[in-house]
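Structural features, examined
Below are the chains, spelled out letter by letter.
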Amino acid sequence: TLLSHKAEASHMMGADITYKCLDSFKFEVTLKWYRDCRGINLSGAGGITVRCSNGGSQNVTLTLINIREITPICATATGGCSPQNTYGTGEGVEEHTYRGTLDFNTSPLSALKNCTGKITFGALVSARNGAITTGAANQNIWTDAELVLKSAPCNNSPTLTSEPIAILCCNQPFFFNNGAVDNIDNDSLSYSWGYPRSAISTNIGYGGNWAYNYAFSVYDPRNPIQPNNPIPTSNPPIGLYLNAQTGDIIFTPVNCSEVTVAVINVTEWRKDPAAVYNVIARTQRHVQFIVKTCPHNNPPI
């Protein structure tokens, strides 16, 4: 089943899946989980499900490559994730990287090679951080990447070159870009908010006025608030802004104790022989954001 590779691990903060082409119908897939170091340790979380949207799936286990702390702290500060992958060590974020080769030319994935729909590389762990204040606390976290294998048998997903920033400063402008680049295939990229999910087809709802595309309490003095009309060039930025062409995310968090979840989709577009752009793939980054009271600072724009 799709859930046969479920790993038990509370206090998960996010995830992403990327891949690169090794040969036609052969890919190196990388799965990254982001763990709150105050939670229990993470182990056995390399299981993924490879699924064709037309039917059929196979389970594959990736190998743990490394664990590293990515807490956004000053160079002279000490992180909260020591010893590594240990319950309750302190406030911090760990990145757990799993990797493996998926070859659709050989069994068992050869059964999916002729998929005429979307191939999904998906993974699941339990559970999200109980400290989330906007909804989705303590639920499973599902992440995936999609590929139209028939149209792109040797595609490379975008590389996410920026580490996911999990800690924001209250009442201070936040400027971020996931640094998605496709310098191998040079496909066009677009960006959008995605739904957090607890399973491949199960979206997780938010509480109150929050939603998948407005998951933060942000500065907006207008009455009523206009969620579809942000002003990123204002000082401070007004509303929640996501640039669909560049992936820039800009806003000013105002709830100093907010913990929320956001998903950023990166969609790949490629021209066909008739010069028409078609969607060939999608990957996503799934992140839990923590808003804290920080010393006053004016970040560069």
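Use the structure listed above.
In this text, all values refer to a predicted model and were calculated from it rather than measured experimentally.

The next thing to look at is the packing of aromatic side chains. Going through the model one piece at a time under the given rule, you end up with eleven aromatic pairs. When the ring of Y19 is compared with that of F27, the centres are 5.7 Å apart and the planes differ by 90 degrees; the resulting orientation is edge-to-face. In terms of burial, Y19 and F27 fall into one category: buried. Every member of this aromatic cluster is reached through a ring pair, and the members are F174, F176, W193, F216, F251 and F289. The ring of F25 is capped by K113, whose NZ or CZ atom sits 4.7 Å from the centre of that ring.

Once that is clear, we can look at unusual backbone geometry. Cis geometry marks the peptide bond from S107 to P108; its omega dihedral reads 5 degrees. Inspection of the secondary structure puts P108 in the loop between β6 (93-103) and β7 (119-128). Residues S126 and A127 are joined by a peptide bond in cis, for which omega reads 5 degrees. As for its position among the elements, A127 is in strand β7. Even without being a glycine, A275 presents a positive backbone phi close to 70 degrees. Looking at where A275 falls in the secondary structure, it is placed in the loop between β18 (259-271) and β19 (277-292). Accessibility expressed as a relative area gives 51% for A275, which makes it exposed.

What follows is about the side chain of Q284. Relative to the helices and strands, Q284 resides in strand β19. Only 3.4 Å separates the side chain of Q284 from the side chain of T143, close enough to count as a polar contact. Within the local environment of Q284, its side chain forms a polar contact with the side chain of N265, the two groups lying 3.1 Å apart. Filtering out sequence-adjacent residues up to four positions away, Q284 remains in contact with A15, D16, I17, W142, T143, D144, R197, V263, I264 and N265.

Inspection of every chain in the model, using the stated rule, returns five disulfides. A sulfur-sulfur separation of 2.2 Å characterises the disulfide bridge that pairs C169 with C294. Note on the C169 and C294 pair: the S-S dihedral is about -90 degrees, so by sign convention the disulfide is left-handed. Here C169 is found in strand β10 (residues 167-169), whereas its partner C294 is found in the segment after β19, with 125 residues between them in sequence. When its relative accessible area of 26% is taken as the criterion, C169 is described as partly exposed. Two residues share a disulfide in this structure: C170 and C256, whose sulfurs sit 2.1 Å from each other. Around the S-S axis, the bridge from C170 to C256 shows a dihedral of about -70 degrees and counts as left-handed.

Here S190 lies in strand β13 (residues 188-194). Side chain to side chain, S190 and W269 meet in a polar contact 2.9 Å long. For S190, the contacting residues outside a window of four places in its chain are A244, N265, V266, T267 and W269.

Conventions and cut-offs
- Position numbers for residues count from 1 along each chain, tracking the sequence in the order it is written.
- Owing to the predicted nature of the model, reporting of local features is limited to residues with pLDDT of at least 70; listing and counting of side-chain atom pairs is limited to 80 or more, with chain, interface and lining totals taken over all residues.
- As a convention, hydrogens and water are excluded, and side-chain values are obtained from all of the structure's heavy atoms.
- Side-chain rings of Phe, Tyr and Trp (the six-membered ring for Trp) are treated as a pair once their centres are within 6.5 Å; stacked means planes under 30 degrees apart, edge-to-face means over 60, and tilted covers the remaining angles.
- When accessible area is computed with a 1.4 Å probe and restricted to protein chains, residues below 20% of their type maximum are described as buried, those above 50% as exposed, and intermediate ones as partly exposed.
- Consider the ring centre and the ring normal. A charge sits over the ring if Lys NZ or Arg CZ is within 6 Å of that centre and within 35 degrees of that normal.
- Put simply, DSSP H or I for four residues or longer makes a helix, DSSP E for two residues or longer makes a strand, and each gets a number counted from the N terminus.
- Here a polar contact is taken to be a pair of N or O atoms separated by no more than 3.5 Å, where protein atoms must pair a possible hydrogen donor with a possible acceptor and residues adjacent in sequence count only if both atoms sit in side chains.
- In what follows, a contact means two residues having at least one pair of non-hydrogen atoms within 4.5 Å.
- A pair of cysteine sulfur atoms is labelled a disulfide when the two atoms are within 2.5 Å.

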